[in-house]
Each structure stands twice: as C-alpha cells, then as structure tokens.
Amino acid sequence: MTIATGIWALVPFKGATGAKRRLESVLDERERESLVLAMIRDVLDTLARCRALSGTLLVSRDAQAFELAQEFGIDVFEESATDLSGAVVESGTYARHQRQAEGTLFVPGDVPLIQPEDVVAVLDGHEQVTLVPDANDIGTNAAVSSPPNAFEYLFDGKSFKPHIASARQAGLEPRVVRNTAWGLDVDTVQELAAVAQRAAGTRTGRFLELSGISARLARAKPQSH
C-alpha cells in the first residue's frame with residue numbers, strides 16, 4: 001500500500017438543530033437532532049481511530065461542536081464561510097498553514113457506516129485529487145486534495161461530476177474511489193432505511209434500534225421511484 005501522509009480530515013458540522021428536514025415525514029425534530037448527533041459521533045470516532053490521518057478538524061461555529069471535539073480529542077476550526085465549499089476552503093487553508101497539512105480529506109458528518117479501513121481505502125493510492133461519490137454518482141461524499149485546496153470545491157448536492165471537471169480544469173486528473181460505506185449518506189428516507197439495515201454496532205444503529213425508528217421504517221410501505 002502507498003498511503004498518502006500528512007492528511008488532515010475536515011468535518012463540517014452545521015449543528016443538529018433544524019437539520020435533515022427531508023426526513024420530516026418519518027422523524028420528528030428531536031429524532032432528527034438525535035440522529036445527526038449519532039451520525040457525527042460515528043464519523044468522528046472512525047476518524048479518531050484511523051492512524052493513517054495526521055489529525056481531524058471539526059469545522060463549525062455551533063456551540064455543540066466544542067463538546068464533540070472534547071469527546072473525541074480533536075480541535076474545532078470556527079469558519080466564517082456562508083456555504084460548505086467556503087468552509088472547506090477556509091479550514092483547508094488553516095490546516096495547511098497552522099497544522100502543516102500536506103493534504104486534506106473532506107468528510108461529511110452523515111456517513112455513519114465508514115470505518116478506519118474505508119478511510120485507508122481512500123488514502124491508499126491518493127496523489128493529488130481523490131473523489132468518492134455517493135451511491136448514485138451524484139454527490140461527493142469524500143474528497144482528498146494534496147495540497148489543500150488544489151482544485152475548486154463546488155458542493156451543492158450534485159457535485160461529483162462538477163468536481164471531476166474542476167480538478168481537470170486545475171490540471172489534475174482525479175482518482176475516483178467507489179466505496180459502499182462512503183456511498184451511503186443520509187438525506188432521504190430511503191437512505192435512512194438503507195443505513196438502518198447496515199448500521200449494527202454503530203451509535204447510529206443503536207439509536208435507530210432503541211428509538212423504534214428501525215422498526216417504523218421496516219413497517220413503512222416502500223416508496224416507488
């Protein structure tokens with residue numbers, strides 16, 4: 001294996017309040033908040049256990065971020081950006097100049113199935129730009145950039161193909177890694193149901209089970225596409 005070194009993970013976190021409104025049809029506000037916190041804890045736990053990373057920054061202005069950072073022994077970077085792309089750029093600049101990061105790994109807070117070996121799979125063979133799409137090849141669920149901010153970020157929920165074009169525009173041929181755990185982020189009811197079926201042994205899985213949400217999803221009539 002040739003695992004990229006000097007990589008810092010960047011995990012943007014807007015906070016749990018009012019999050020995941022696309023799940024309103026099956027989860028009330030308190031359940032959505034609890035789900036968000038369970039997922040971000042799973043993500044941060046995995047990153048903390050991944051020895052291939054040089055460190056992790058929780059990118060947030062939310063007060064709860066400091067509690068999470070203390071829980072997992074990581075630092076908070078308080079960004080001032082107005083969107084996700086700006087937050088990743090700001091934190092990447094900070095990581096490069098203040099933490100001597102040779103590269104950064106963008107990690108969303110709603111990929112609770114990832115394990116350290118999934119992170120290694122993304123870093124193994126990485127050179128300049130590595131992109132990991134969601135299960136539908138629409139969004140970008142992980143992005144590695146060496147050096148930080150080597151290409152323009154275009155996060156908007158449909159950023160995978162635009163990110164390929166952005167990297168090429170910067171003169172870099174992106175490496176693409178498809179990975180089942182990385183591919184499952186939770187934005188829709190269908191994605192939540194898919195995670196619920198696979199989340200055994202995670203905080204997210206325990207929350208969905210103990211709250212009765214897993215059983216509720218299993219009883220729900222599958223929606224046609």
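Residues numbered from 1 in each chain as written. Predicted model: local features only at pLDDT ≥ 70, side-chain atom pairs only at ≥ 80, totals over all residues. Heavy atoms only, no water.

For the rest of this paragraph, the subject is the overall build of the protein chain. Per the secondary structure count, the protein chain includes 9 helices and 7 strands. Taking 225 residues into account, the globule formula puts the C-alpha radius of gyration at 17 Å, and the protein chain, at 17 Å, falls close to it. Overall size of the protein chain, expressed as C-alpha extent along the three principal axes, is 50 × 40 × 35 Å. Counting over 225 residues, the protein chain shows a buried share of 54%. Considering only intrachain contacts with a sequence separation of at least 6, the fraction spanning at least 24 residues in the protein chain is 66%. In the structure as shown, the protein chain presents an accessible area of about 11,000 Å², 46% of it carried by carbon and sulfur atoms. Distance between charge centroids for the protein chain: 4 Å, based on 23 positive and 30 negative side chains. (Helix = DSSP H or I, 4+ residues; strand = E, 2+ residues; numbered from the N terminus. Rg over C-alpha atoms; globule rule 2.2 N^0.38 Å. Buried < 20%, exposed > 50% of the residue type's maximum accessible area, 1.4 Å probe, protein only. Contact = heavy atoms within 4.5 Å. Areas by Shrake-Rupley, 256 points an atom, 1.4 Å probe, with all protein chains shown as cover. Lys, Arg positive; Asp, Glu negative; His and termini not counted. Charge placed at Lys NZ, Arg CZ, Asp CG, Glu CD.)

Moving on: helix α1 (residues 29-49). In this model, α1 (21 residues) spans 31 Å end to end at C-alpha, consistent with the 30 Å of a helix rising 1.5 Å per residue. Capping the start of α1, Asp28 holds a side-chain oxygen 3.1 Å from the backbone nitrogen of Arg30, two or three residues further along. (Expected span 1.5 Å × (residues − 1). Polar contact = N/O pair within 3.5 Å; in protein donor to acceptor, adjacent residues only side chain to side chain.)

Glycine aside, negative phi is the norm for most residues, and most peptide bonds take the trans geometry. A cis amide bond, omega 0°, links Ser146 with the succeeding residue Pro147. Note that Pro147 resides in the loop between β6 (140-145) and α5 (160-169). We note that Asp137 has phi near 55°; this positive angle belongs to a residue other than glycine. Tracing the backbone shows Asp137 in the loop between β5 (129-133) and β6.

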